Amino acid sequence: MTAQKHGLLEPTPLTRRSVLGGVAALGLAASLAPACARAEADTARMAAARRWVVVEFTPSTLSVDDQMAEMEFFIRAAEPFRGQQIYVVSETLDTHEYEARYLARAFREITDISVVHDLIREGELIERLETQMRTGRNLYDAYVSDSDLIGTHWRYGSAVPLTDWITGDGAAFTLPTLDLDDFIGLRFTTAPDGKVYQLPDQQFANLYWFRYDWFQRPDFRERFRNRHGYELAVPANWKAYEDIADFFTNEVREIDGVRVWGHMDYGKRDPSLGWRFTDAWLSMAGVGDPGIPNGLPVDEWGIRMEGCHPVGSSVSRGGAANAPAATYALRKYVEWLDRYAPPEAREMTFSDAGPAPGRGHIAQQIFWYTAFTADLLRPGLPVVNDDGTPKWRMAPSPHGAYWRPGMKLGYQDCGSWTLLPSTPLGRRQAAWLYAQFTTCKTVSLKKTLVGLTPFRKSDISSPAMTAAAPRLGGLVEFYRSPARLAWTPTGVNVPDYPRLAQLWWTRIATAVHGGANPQVIMDNLAAAQDEVLARLQGAGVMKRCAPELNPAIDPQVWLDRPGAPKPALADEEGQGETIRYEDLMQRWLRGSVT
């Protein structure tokens with residue numbers, strides 16, 4: 001009896017193939033499902049990227065198609081890290097607030113990598129960075145920290161050299177259009193070994209800020225000229241700055257019913273008080289030697305370097321931290337704070353003092369960080385015109401009596417992405433993607449226009465920055481001029497920034513609040529720096545170019561030699577000199593630094 005007679009169908013060869021084909025089709029469908037899901041997810045990510053590009057990341061120096069090509073790279077490169085969460089940290093600035101609020105969210109929507117972007121005070125950030133460097137415990141997957149640590153990273157090997165990274169473990173995750181040559185601060189993050197250790201994320205300088213509208217008033221100009229014999233304009237030296245400070249504080253005194261002051265500063269016992277000095281105040285006074293970026297062989301910290309080895313801070317060892325120029329710098333800082341600044345300035349920090357001129361009672365500020373530009377452009381402030389243009393301008397800070405041509409003129413912060421070897425490789429690679437996302441050309445121009453801390457040449461020269469220039473009070477002109485080359489961060493002379501930086505603020509605070517003699521303070525500071533250098537020398541923990549202290553000898557031997565440390569000047573005051581703001585702009589256009 002056949003199967004057919006019993007109502008059963010014996011499978012034919014064709015039917016068998018159909019069954020097997022059905023099974024294969026089910027297997028193929030199962031294998032295609034994840035691929036289809038991935039394709040759909042990538043399509044959704046590209047759609048999200050396009051929304052961000054069209055709605056938020058405009059203007060840009062790239063075309064929309066080129067922006068989308070960068071976004072496609074991030075989507076593809078992020079695949080191994082989908083669903084992962086990374087942790088990064090930066091100081092609290094408008095630029096980093098934009099990153100934390102907008103760019104971290106955009107990065108998550110586009111790559112499916114979540115970013116916890118912490119914003120903390122700079123002093124705390126350095127402490128956490130130092131803790132991770134010292135213990136190897138991974139607190140953050142990446143840091144935006146100042147390039148001031150370049151000497152530290154280079155000597156200790158405490159940061160991943162990006163030059164090696166982008167050809168090694170980071171190669172597959174490095175944006176083809178990153179364009180390192182476009183970063184204006186790359187020389188600040190490049191060590192003597194020729195390797196780039198940090199990726200610039202934002203930059204700002206400390207410049208001279210003044211009320212242009214007050215300086216233009218004919219009555220003030222006449223009164224100042226009659227009193228001092230020269231024009232009320234941008235001061236070229238400290239004597240002119242002091243004359244202007246005294247004029248507004250003690251002669252003008254009141255404008256439109258408001259008590260005004262000729263100077264603004266800060267003096268609270270706080271870590272930021274150290275930056276007030278290490279951020280090149282001594283170089284502005286003329287403490288170090290000529291040489292850009294940091295003075296050779298003596299830099300703006302008063303540290304002498306021979307070859308690649310720091311050899312001393314005290315004059316007795318060839319340094320200049322307690323030289324006459326350094327004592328002059330501290331004395332003028334305290335005198336001006338006491339005589340010409342509002343009383344509350346003594347209890348202000350860096351963060352407090354930056355926006356303070358926006359209240360409309362300050363005539364000028366010699367040491368003003370351009371990171372606060374956005375704070376002084378807010379509608380309704382008494383320092384802003386009804387059309388949104390500023391009543392103020394920024395210009396190069398005046399230099400002190402010991403300064404000579406060829407020396408740096410001021411400080412430029414270069415907050416930079418830093419990767420540490422203690423971060424697990426996968427987390428480091430994911431963080432590197434986010435670091436590039438926040439600095440890529442797709443987003444950099446918009447970020448610059450929001451935070452006003454430019455870091456790419458292409459953005460600075462863009463039509464968008466030209467259009468913005470009239471309302472930015474000289475910021476664009478400064479960054480387009482060769483003048484910015486004379487404003488530099490701390491350099492490689494400083495072998496351990498975290499340890500040395502903490503020596504400054506406590507001692508400067510004693511000068512402000514304890515009335516200590518400036519020479520005693522600077523002697524103490526120089527000795528403390530030499531003590532740290534000696535400990536670093538003895539510890540033998542640096543991989544290269546550790547300190548090698550000179551023996552202490554009679555300071556006069558060094559003062560009698562050419563260069564820094566320099567002997568005391570018979571006249572530290574001199575004659576005040578000013579320059580019209582318009583003439584200064586023309587000098588910049590002609591390519592002059594000052």
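Residues numbered from 1 in each chain as written. Predicted model: local features only at pLDDT ≥ 70, side-chain atom pairs only at ≥ 80, totals over all residues. Heavy atoms only, no water.

Draft legend 1. The overall build of the protein chain, seen in detail. Secondary structure assignment for the protein chain yields 22 helices and 13 strands. Each of the three principal axes of the protein chain carries a C-alpha extent, and together these read 130 × 60 × 40 Å. Within the protein chain, the proportion of its 594 residues that are buried is 57%. When contacts within the protein chain are restricted to residue pairs at least 6 apart in sequence, those whose partners lie at least 24 apart make up 76%. Carbon and sulfur atoms make up 54% of the accessible area of the protein chain, which totals about 22900 Å². (Helix = DSSP H or I, 4+ residues; strand = E, 2+ residues; numbered from the N terminus. Buried < 20%, exposed > 50% of the residue type's maximum accessible area, 1.4 Å probe, protein only. Contact = heavy atoms within 4.5 Å. Areas by Shrake-Rupley, 256 points an atom, 1.4 Å probe, with all protein chains shown as cover.)

Draft legend 2. Geometry of the nonpolar core. In terms of nonpolar packing, the biggest core is built from 140 residues, with Trp238, Phe248, Trp281, Leu330, Tyr333 and Tyr369 touching the most fellow members. It is helix H12 (residues 324-340) that provides the largest number of residues to this core, a total of ten residues. Among the nonpolar cores identified, the runner-up in size contains 46 residues, and Ala78, Ile86, Tyr98 and Ile110 belong to it. (Core = buried A, V, L, I, M, F, W, Y, C linked by side-chain atoms within 4.5 Å.)

Draft legend 3. Molecular detail of H12. Given a rise of 1.5 Å per residue, 17 residues ought to cover 24 Å, and the 23 Å separating the end C-alpha atoms of H12 matches this to within 8%. The buried fraction of H12 is high, at 14 of 17 residues. (Expected span 1.5 Å × (residues − 1).)

Draft legend 4. Local environment of the pairing of strand E2 (residues 114-120). Inspection of the sheet shows strand E1 (residues 85-91) paired to E2 by seven bridges, in the parallel sense. Counterpart to isoleucine 86 in the pairing with E2 is valine 115. Following the chain from E1 across helix H3 (residues 94-111) to the adjacent parallel E2, one finds a crossover that is right-handed. (Pairing = 2+ DSSP bridges. Right-handed = clockwise from strand over helix to strand, strands pointing away.)

Draft legend 5. Seen up close, the confidence of the model for the protein chain. Averaged over the protein chain, the pLDDT score is 92; the fraction of residues at 70 or greater is 93%. In this model, residues 1-26 is a region of pLDDT below 50 whose contacts with residues beyond four sequence positions or in other chains number three contacts. (pLDDT = per-residue confidence, 0-100.)

Draft legend 6. Highlighting the packing of helix H19 (residues 497-513) against helix H20 (residues 518-539). Two elements in contact, H19 and H20, have axes whose closest approach is 10 Å; the angle formed by their N-to-C orientations is 165 degrees. What the angle tells us is that H19 and H20 run roughly antiparallel. Here H19 runs over H20; the crossing is right-handed. Contacts between H19 and H20 involve Arg499, Leu500, Leu503, Trp504, Arg507, Thr510 and Ala511 on the former and, on the latter, Ile521, Asn524, Leu525, Ala528, Gln529, Val532, Leu533 and Leu536. Its residues assigned to classes, the contact of H19 with H20 comprises ten nonpolar, three polar and two charged. (Axes fitted to C-alpha atoms, helices over the stretch in contact; angles between N-to-C directions. Parallel < 35°, antiparallel > 145°, perpendicular 65-115°, else oblique. Left-handed = near helix turned anticlockwise from the far one by under 90°. Nonpolar A, V, L, I, M, F, W, Y, C, P; charged D, E, K, R; others polar.)

Draft legend 7. Main features of the environment of leucine 180. Here leucine 180 is to be found in the loop between helix H6 (162-165) and strand E4 (199-210). Through-space distance from the C-alpha of leucine 180 to that of leucine 199 is 8.4 Å; in sequence the pair is 19 residues apart. In contact with leucine 180, not counting residues within four places along its chain, are Ile166, Leu186 and Leu199.

Draft legend 8. Quick look at H3. Under the 1.5 Å per step criterion, the end-to-end length of H3 is 24 Å for 18 residues, consistent within 8% with the ideal 26 Å. Where H3 bends most, the angle comes to about 35 degrees, and this point is alanine 100. All of the buried residues in H3 are Thr95, His96, Tyr98, Glu99, Leu103, Ala104, Ala106, Phe107, Ile110 and Thr111. Count one or two residues on from H3 and you reach aspartate 112, which has phi positive near 65 degrees. (Bend = angle between axes of the 7 residues up to and from the residue.)

Draft legend 9. Main features of the pattern of salt bridges. Evaluated as defined, the whole model comprises 35 salt bridges. For aspartate 164, the salt bridge identified is with lysine 195, shortest N-O distance 3.0 Å. Separated by 31 residues along the polypeptide, aspartate 164 in helix H6 and lysine 195 in the loop between H6 and E4 bring together distant segments of the chain. Between arginine 456 and aspartate 182 there is a salt bridge; the shortest N-O distance is 3.0 Å. Of this pair, arginine 456 sits in the loop between helix H15 (441-451) and helix H16 (457-460) while aspartate 182 sits in the loop between H6 and E4; the two residues are 274 residues apart in sequence, bridging distant segments of the chain. Of the two residues examined, arginine 456 and aspartate 182, each falls in the buried class. Here the residues in one salt-bridge network are Glu242, Arg331, Lys332, Glu335, Glu572 and Glu573, joined through shared partners. (Salt bridge = Lys/Arg side-chain N within 4 Å of Asp/Glu carboxyl O.)

Draft legend 10. Fine view of the packing of aromatic side chains. What the rule picks out here adds up to 43 aromatic pairs. The ring of phenylalanine 220 has arginine 217 lying over it, and the distance from NZ or CZ to the ring centre is 4.0 Å. (Phe/Tyr/Trp six-rings, centres within 6.5 Å; stacked < 30°, edge-to-face > 60°. Lys NZ or Arg CZ within 6 Å of the ring centre and 35° of its normal.)

Draft legend 11. Local environment of the state of the cysteines. Counting across every chain of the model gives one disulfide. At a sulfur-sulfur separation of 2.0 Å, the disulfide partner of cysteine 308 is cysteine 545. On the sign convention where negative is left-handed, the bridge of cysteine 308 and cysteine 545, at about -85 degrees about the S-S bond, is left-handed. Note that cysteine 308 is positioned in the loop between strand E8 (304-306) and strand E9 (309-312) and cysteine 545 in the loop between H20 and helix H21 (555-559), a separation of 237 residues in sequence. Here cysteine 414 stays unpaired: no disulfide links it, and the sulfur of cysteine 440, its closest cysteine neighbor, is 17 Å away. Looking at cysteine 414, the relative accessible area reads 0%, which means it is buried. The exposure class of cysteine 440 is buried, given its relative accessible area of 0%. (Disulfide = S-S within 2.5 Å.)

Draft legend 12. Inspection of unusual backbone geometry at higher detail. Omega for the bond connecting leucine 296 with proline 297 falls within 30 degrees of zero, at 5 degrees, which places this linkage in the cis form. Omega for the peptide link from alanine 564 to proline 565 comes to 0 degrees, which places this bond in the cis form. Within the fold, proline 565 resides in the loop between H21 and strand E13 (578-579). One non-glycine residue, alanine 280, lies in the positive phi region at around 80 degrees.

Draft legend 13. Highlighting the side chain of aspartate 459. Inspection of the secondary structure assignment puts aspartate 459 in helix H16. Put simply, aspartate 459 is tucked away with no salt bridge, and the nearest opposite charge, on arginine 456, sits 5.0 Å away. Engagement of the side chain of aspartate 459 in a polar contact is seen with the side chain of serine 444, the distance being 2.7 Å. (Lys, Arg positive; Asp, Glu negative; His and termini not counted. Polar contact = N/O pair within 3.5 Å; in protein donor to acceptor, adjacent residues only side chain to side chain.)

Draft legend 14. View of the pairing of strand E3 (residues 142-146). Extensive coverage of E3 is indicated by the burial of five of its five residues. Note: E1 against E3, two bridges, orientation parallel. The residue bridging valine 89 from the neighbouring strand is tyrosine 143, located in E3. Of the pairings in the sheet, the one linking E3 to strand E12 (residues 412-418) comprises four bridges and is antiparallel in character.

Draft legend 15. Structural view of the packing of helix H8 (residues 218-228) against helix H9 (residues 238-252). Relative to each other, H8 and H9 sit at 115 degrees, their axes nearing to 11 Å. With respect to H9, the element H8 is oriented roughly perpendicular. In the packing of H8 onto H9, the handedness of the crossing is right-handed. Listed contacts from H9 to Phe220, Arg223, Phe224, Arg227 and His228 of H8 are Asp243, Ile244, Asp246, Phe247, Phe248, Glu251 and Val252. When its residues are assigned to classes, the contact of H8 with H9 shows six nonpolar, one polar and five charged.

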